[in-house]
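The primary structure of each chain is shown beneath.
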Amino acid sequence: MKLGEGVEAAIHCAAMLAGVEGAATMPGAAMAEAFGLSPSYLLKHLNALTASGILESVPGPSGGFRLARPAERITLLDIVLAVEGREPAFRCGEIRQRGPARLDASAYVKPCGISVAMLKAERAYRAALAESRLSDIVADYMSDADPRSVAANCAFVERHQRPQKSSSTKQA
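These numbers come from a predicted model, not from an experiment.

Asks: Mind showing me how you'd approach the overall build of the protein chain here?
Replies: Along the backbone of the protein chain there are seven helices and two strands. Sequence-ordered secondary structure for the protein chain, helices as α and strands as β, is α-α-α-β-β-α-α-α-α. Against the compact-globule benchmark of 16 Å for 172 residues, the protein chain has a radius of gyration of 21 Å, which places it well outside the compact range. Going through the 172 residues of the protein chain one by one, you find that 34% of them count as buried. Within the structure as shown, the protein chain displays about 10300 Å² of accessible surface, and the carbon and sulfur contribution to it stands at 57%.

Asks: I tried to follow the nonpolar core on my own but got confused; where do I start?
Replies: Generally speaking, nonpolar side chains in soluble globular proteins are found buried as a group. In terms of nonpolar packing, the biggest core is built from 35 residues, with Met31 and Leu49 touching the most fellow members. Mapped by element, the contributors of at least two residues to this core are α1 (5-17), α2 (28-35), α3 (39-51), β2 (64-67), α4 (76-84) and α7 (147-160). Considering each element in turn, this core owes the most residues, eight residues, to α1. Leave out the neighbours within four places in its chain, and Leu49 touches Ala10, Ile54, Leu55, Ile79, Ala82 and Val83.

Asks: In this structure, what is going on with the pairing of strand β1 (residues 55-58)? I would like to understand it.
Replies: On a regular strand, one side chain projects to one face of the sheet and the next to the other, so that they alternate. Sheet topology places β1 next to β2; four bridges connect them, and they run antiparallel. Bridged to Ser57 within β2 is Phe65. Connecting the antiparallel pair β1 and β2 is a turn made up of five residues, with Gly60 showing a positive phi of about 100°.

Asks: Even after reading the chapter, I still don't get α3, so can you show me in this structure?
Replies: A turn of α-helix holds 3.6 residues, and therefore any two residues three or four places apart point the same way. Between the first and last C-alpha of α3 there are 18 Å, a value that for 13 residues agrees with the 18 Å anticipated at 1.5 Å per step. When α3 is considered as a whole, its buried residues turn out to be Leu42, His45, Leu46, Ala48 and Leu49. Down the axis of α3, the sector holding all buried residues measures 155°, keeping them to one side. The outward face of α3, more than 90 degrees from its buried face, is lined by the exposed residues Ser40, Lys44 and Ala51. Buried residues in α3 make contact with α1, α2, β1, β2 and α4. One or two steps after α3, the chain reaches Gly53, where phi turns positive at roughly 80°.

Asks: Sorry if this is basic, but what is going on with the packing of α1 against α3 here?
Replies: In a pair of packed helices, the angle between the axes and the distance between the axes together describe the arrangement. Orientation of α1 relative to α3, taken along the N-to-C sense of each, is 70°, at an axis distance of 10 Å. One way to sum up the angle between α1 and α3 is to call them roughly perpendicular. Note on packing geometry: the crossing formed by α1 with α3 is right-handed. For the pair α1 and α3, contact is made by Glu5, Gly6, Ala9, Ala10 and Cys13 and by Tyr41, Leu42, His45, Leu46 and Leu49, respectively. Of the residues assigned to the contact of α1 with α3, the class counts are seven nonpolar, two polar and one charged.

Asks: Just checking my understanding: could you explain the pattern of salt bridges for this structure?
Replies: Taken as a whole, this structure holds six salt bridges when the rule is applied. Between Glu56 and Arg66 there is a salt bridge; the shortest N-O distance is 2.7 Å. Taken together, the residues Glu56 in strand β1 and Arg66 in strand β2 connect sequence positions ten residues apart. Owing to a relative accessible area of 5%, Arg66 belongs among the buried residues under this scheme.

Scoring rules and cut-offs
- Residues numbered from 1 in each chain as written.
- Predicted model: local features only at pLDDT ≥ 70, side-chain atom pairs only at ≥ 80, totals over all residues.
- Heavy atoms only, no water.
- Helix = DSSP H or I, 4+ residues; strand = E, 2+ residues; numbered from the N terminus.
- Rg over C-alpha atoms; globule rule 2.2 N^0.38 Å.
- Buried < 20%, exposed > 50% of the residue type's maximum accessible area, 1.4 Å probe, protein only.
- Areas by Shrake-Rupley, 256 points an atom, 1.4 Å probe, with all protein chains shown as cover.
- Core = buried A, V, L, I, M, F, W, Y, C linked by side-chain atoms within 4.5 Å.
- Contact = heavy atoms within 4.5 Å.
- Pairing = 2+ DSSP bridges.
- Expected span 1.5 Å × (residues − 1).
- Arc of directions from axis to C-beta.
- Axes fitted to C-alpha atoms, helices over the stretch in contact; angles between N-to-C directions.
- Parallel < 35°, antiparallel > 145°, perpendicular 65-115°, else oblique.
- Left-handed = near helix turned anticlockwise from the far one by under 90°.
- Nonpolar A, V, L, I, M, F, W, Y, C, P; charged D, E, K, R; others polar.
- Salt bridge = Lys/Arg side-chain N within 4 Å of Asp/Glu carboxyl O.

Laid out in structure tokens, this is it:
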């Protein structure tokens, strides 16, 4: 299974936003800078996360992005589906029913064995992602990463987060 680079960027951005204080936001351009990505490229993925209810976009000069719900309630599957879409990675085109050796439709009443196997693998993959919470990814990073990396990333968030006047909308 191959996921686009946008999935990696989206997970990193969501993890970064988990470190934003209170109702503060982080500009998309700052996150693009942090990960060496084009702002327009990243914005496409941030907008997908916003449309899926993972992020909240706050307009205006002090605006930016923040998590729309607590990191404990965001799974890696949520992020992958927001970026890649809900369709299965494997889509059976029933090519067994094409070509010169094809038979009439009555010969193909059972599901394609290849399709069954691929969809079973997809369900297992999605189940594993559904068990992985953003909060766990962040906690593992904070405890296992090189302390210099943690300090640099925390300092970046501190420098670029934008405090908001009202903190009543931020999750606990």
